[in-house]
Amino acid sequence: MSAEPKGLQINIMGREFRVACQESEQKGLLEAVDYLNRKMLEIRDHGKVIGIERIAIMAALNIAHEFLATKVGGGFDIAEIKRRIASMEAVLDQAISDQSELF
């Protein structure tokens, strides 16, 4: 049975939003909010783009470009590798935890 998503209050460029989010994903969401907010403030502070919607679109384009740039030729996906490493770390942590109970 999966846990019900909880509402999380976030702030982006002074605007409040409430989003549904699993408790286990809140840390990652808050990191994403912080990253997006910094990108949007950076675009706004450069003064070339006016209007929050345009700033959001420019930030989205910049972030999408950064994401796609992490994919190196030949289909090598750094984000996928990071996810696999995190999964392996979780398995290792569980195995170590099980072993400590033996002693």
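Quick caveat: nothing in here was measured; it's all calculated off a predicted structure.

### Description of the nonpolar core
Counting 11 residues, the largest nonpolar core is built from L8, I10, I12, M13, V33, M40, I43, V49, I52, I55 and A59. Contributing elements (two or more residues each) for this core: β1 (6–12), α1 (26–45) and α2 (52–69).

### Re the packing of α1 against α2
Contact geometry of α1 with α2 gives a least axis separation of 9 Å together with a crossing angle of 120°. The angle between α1 and α2 places the two elements in the oblique class. As α1 packs across α2, the resulting crossing turns out to be right-handed. Residues Y35, L36, K39, M40, I43 and R44 of α1 form the contact with α2, whose participating residues are I52, I55, A56, M58, A59, N62, I63 and E66.

### A few points about the confidence of the model for the chain
Of the residues in the chain, 84% reach a pLDDT of 70 or more, and the chain-wide mean stands at 83. Mean pLDDT per element in the chain: strand β3 (residues 71–72) is the minimum at 64, and α1 is the maximum at 92.

### Notes on α2
For α2, which comprises 18 residues, the first-to-last C-alpha distance of 25 Å matches the rise-based estimate of 26 Å (1.5 Å per residue) to within 8%. Buried residues of α2: I52, I55 and A59, and no others. Each buried residue of α2 sits inside an arc of 60° when the element is viewed along its axis, so together they form one side. Within α2, the exposed residues directed more than 90 degrees away from the buried face are E53, R54, I57, L61, H65 and L68. Close packing links the buried residues of α2 with β2 (15–21) and α1.

### Things to note about the pairing of β2
Two strands pair when backbone bridges link them, and β1 and β2 are joined in this way by 7 bridges, in the antiparallel orientation. Counterpart to K6 in the pairing with β2 is C21. Connecting β1 to the next strand, β2, in antiparallel fashion are 2 residues, including M13 with a positive phi near 50°.

### Focus on α1
Between the first and last C-alpha of α1 there are 28 Å, a value that for 20 residues agrees with the 28 Å anticipated at 1.5 Å per step. Along α1, the positions that sit buried rather than exposed are V33, N37, K39, M40 and I43. Around the axis of α1, the buried residues are gathered within 165° of arc, so they sit on the same side. For α1, exposure combined with an orientation more than 90 degrees from the buried face picks out K27 and D45. Where α1 is buried, its residues touch β1 and α2. Phi for G47, located one or two positions after α1, is positive at around 75°.

Procedures and definitions
- Residues numbered from 1 in each chain as written.
- Predicted model: local features only at pLDDT ≥ 70, side-chain atom pairs only at ≥ 80, totals over all residues.
- Heavy atoms only, no water.
- Core = buried A, V, L, I, M, F, W, Y, C linked by side-chain atoms within 4.5 Å.
- Buried < 20%, exposed > 50% of the residue type's maximum accessible area, 1.4 Å probe, protein only.
- Helix = DSSP H or I, 4+ residues; strand = E, 2+ residues; numbered from the N terminus.
- Axes fitted to C-alpha atoms, helices over the stretch in contact; angles between N-to-C directions.
- Parallel < 35°, antiparallel > 145°, perpendicular 65-115°, else oblique.
- Left-handed = near helix turned anticlockwise from the far one by under 90°.
- Contact = heavy atoms within 4.5 Å.
- pLDDT = per-residue confidence, 0-100.
- Expected span 1.5 Å × (residues − 1).
- Arc of directions from axis to C-beta.
- Pairing = 2+ DSSP bridges.

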